[in-house]
Amino acid sequence: MTNNVNVGIDDGHDGIKVYFGSSDGVSAPVMAQIQSKAQKGLGEGVDVSEAEQARMTIKVDGIDGGEPTTFLVNEDFVSDKIDTRTETYPYSALNLALITQAIRQVRPALEGVTGLKIIAGLPANQYYDKVAGGKNDVLIDKKMANLKTLSRAYSPADKHLPNEGRFDAIEAEIMPEGYGIAFNLMFDDDLKPTEYYEQFRQHGCVIVDIGGRTVDVVTVMPRTCKPKGSDLLSFDKGVLYLREIIGTTLTERLNLKMNLNDNSVDMILKTGWFGRKNSPKGYDATKDLEEIKLKHVKEIYSAIKGALDSNEAMGGVILSGGGGVLLGDMLKDVIDKGDHPCEVILPDEMVFGNAKGFWKLTWLKYK
């Protein structure tokens, strides 16, 4: 393997996904995902070995050699989660810490690698400034500059490795989140055109990427296959907000004294039950979940209806993202009932679709 590899990174507000493929000299594509959960310092209740503690710790050196900030990045132990839904998150030390911990999950496949050529994303409404009528160059530049300081972040567990296991981002490009999904469908894992290549080249497409904080709607123009800046749309209806609604609603309906935490909500989403299934104190939340999800989906649909009738939508409307796994089938049904003249595409790969597409895009950008 060469010292530098191309990497697609989907560094969302709910999860971090990294991907690089066989064209980078590995026998099979490599990917990893972690939740975007971290806290400053170790806090209380982290009763693990010193070695394990080091593996879940990421330090980020300060600007110009300042003191490092220590983050605990491990979804099982984070008790005081930092909210990622902030304007500064895309260019923060927290963002570097989360990306570094995600990359570390595939470290065995990156032996000998020191440099990364990265494409990552920004929510569509942050990428394009509709008031100014152009790309938000200030924020894009801040995020690119932050990524290029990736070597500031490291784990104490990697001190035995050359350069403490740090990676350099030797190239960094920022695209609107969701845009990578189109490229993931247009090219296979060997970077050869698929059946969608000509379809999107001729007619364009519309991507509805349901992420953690935002739902991003990206219109891809025919012929150039570039995002149509004036049509980019983002709104705060991602799965983090859906989880909050589920937690608040069930807390009230069950008359609980404390709000349901993230782990409890995730378990309810997974099993459909609050508490142990069929136990005397258990509660079948299936109907509640369907009611809450349908209301959320209808609100998403109301915001995207205009895009579904655009010329580019004739090439297909793609539903994807981590929220697409949870809500994709339901949203497709609502769209189909709306009698829009477009094919609704539910990709086989939703969670990693954006990261994989960004990785494929690196091969066009960094030749």
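Treat the numbers as computed from the prediction; the structure is a model and nothing was measured.

## Describing the packing of aromatic side chains
Summed over the entire model, instances satisfying the criterion amount to 6 aromatic pairs. Relative to Phe183, the ring of Tyr179 has its centre 5.3 Å away and its plane inclined at 70°; by these criteria the two rings are edge-to-face. Placement of both Tyr179 and Phe183 in helix 5 (residues 179–186) is noted, with a separation of 4 residues, approximately one turn of the helix. Measuring from ring centre to ring centre gives 5.4 Å for Tyr196 and Phe200, while their planes differ by 25°; the resulting arrangement is stacked. Of this pair, Tyr196 and Phe200 both sit in helix 6 (residues 195–203), 4 residues apart, which is roughly one turn of that helix. Given a relative accessible area of 0%, Phe200 falls into the buried group.

## Regarding the sheet that holds strand 7 (residues 115–122)
In any sheet, the strands associate via hydrogen bonds between backbone groups, in a parallel or an antiparallel arrangement. Here we have 5 strands laid out as an open sheet, ordered 3-2-1-7-11, and mixed in their pairing. Each edge of the open sheet carries a strand with a single partner, namely strand 3 (30–35) and strand 11 (168–176). Taken over all neighbouring pairs, the strand axes of this sheet differ in orientation by 20° on average, direction set aside. Pairing between strand 2 (residues 15–20) and strand 3: 6 bridges, direction antiparallel. Each bridged residue has a counterpart across the sheet, and for Lys17 the counterpart in strand 3 is Gln33. Helix-sheet contacts for helix 11 (residues 353–365) involve strand 1 (4–11), strand 2, strand 7 and strand 11, and the interaxial angle to strand 1 is about 140°.

## Remarks on the pattern of salt bridges
Throughout the structure, instances matching the rule amount to 25 salt bridges. Between Lys143 and Asp11 there is a salt bridge, with the nearest N and O atoms lying 2.5 Å from each other. Taken as a pair, Lys143 in helix 4 (residues 137–147) and Asp11 in strand 1 lie far apart in primary sequence, 132 residues in all. Pair check on accessibility: Lys143 and Asp11 agree, each one buried.

## Topic: the nonpolar core
One finds Ile103, Leu116 and Leu150 to be the most contacted residues of the largest nonpolar core, which totals 67 residues. Among the elements that make up this core, the one with the highest residue count is helix 2 (residues 93–104) (7 residues). Those residues in contact with Ile103 that lie beyond four places of it in its chain are Ile9, Val18, Leu110, Leu116, Leu150 and Phe167. Counting 32 residues, the second largest nonpolar core, distinct from the first, contains Val215, Ala307, Leu308 and Val344.

Thresholds applied
- Starting afresh in each chain, residues are numbered from 1 along the sequence in its written order.
- Local features in a predicted model are, by the rule used here, given only for residues with pLDDT of at least 70; side-chain atom pairs are given and counted only at 80 or more, and totals for whole chains, interfaces and linings are based on all residues.
- The side-chain values count all of the structure's non-hydrogen atoms but skip hydrogen atoms and water molecules.
- Stacked, edge-to-face and tilted are the three classes for Phe, Tyr and Trp ring pairs, Trp counted by its six-membered ring, which pair at centre distances within 6.5 Å; planes under 30 degrees apart are stacked, over 60 edge-to-face, the rest tilted.
- Numbering of helices and strands runs from the N terminus; a helix is a DSSP stretch of H or I covering at least four residues, while a strand is a stretch of E covering at least two.
- Think of it in three bands: with a 1.4 Å probe and only protein chains considered, a residue is buried below 20% of the maximum accessible area for its type, exposed above 50%, and partly exposed in between.
- In this scheme, strands are said to pair when DSSP sees at least two bridges between them.
- Working convention: axes come from line fits to C-alpha atoms, limited for helices to the stretch in contact. Angles between N-to-C directions cover 0 to 180 degrees.
- We call two residues in contact whenever any of their non-hydrogen atoms come within 4.5 Å of each other.
- The salt bridge definition used is simple: a Lys or Arg side-chain nitrogen within 4 Å of an Asp or Glu carboxyl oxygen.
- Think of a nonpolar core as a cluster: buried Ala, Val, Leu, Ile, Met, Phe, Trp, Tyr and Cys residues, connected wherever their side-chain atoms sit within 4.5 Å.

Interpretation in functional terms is not warranted from these geometric data alone.
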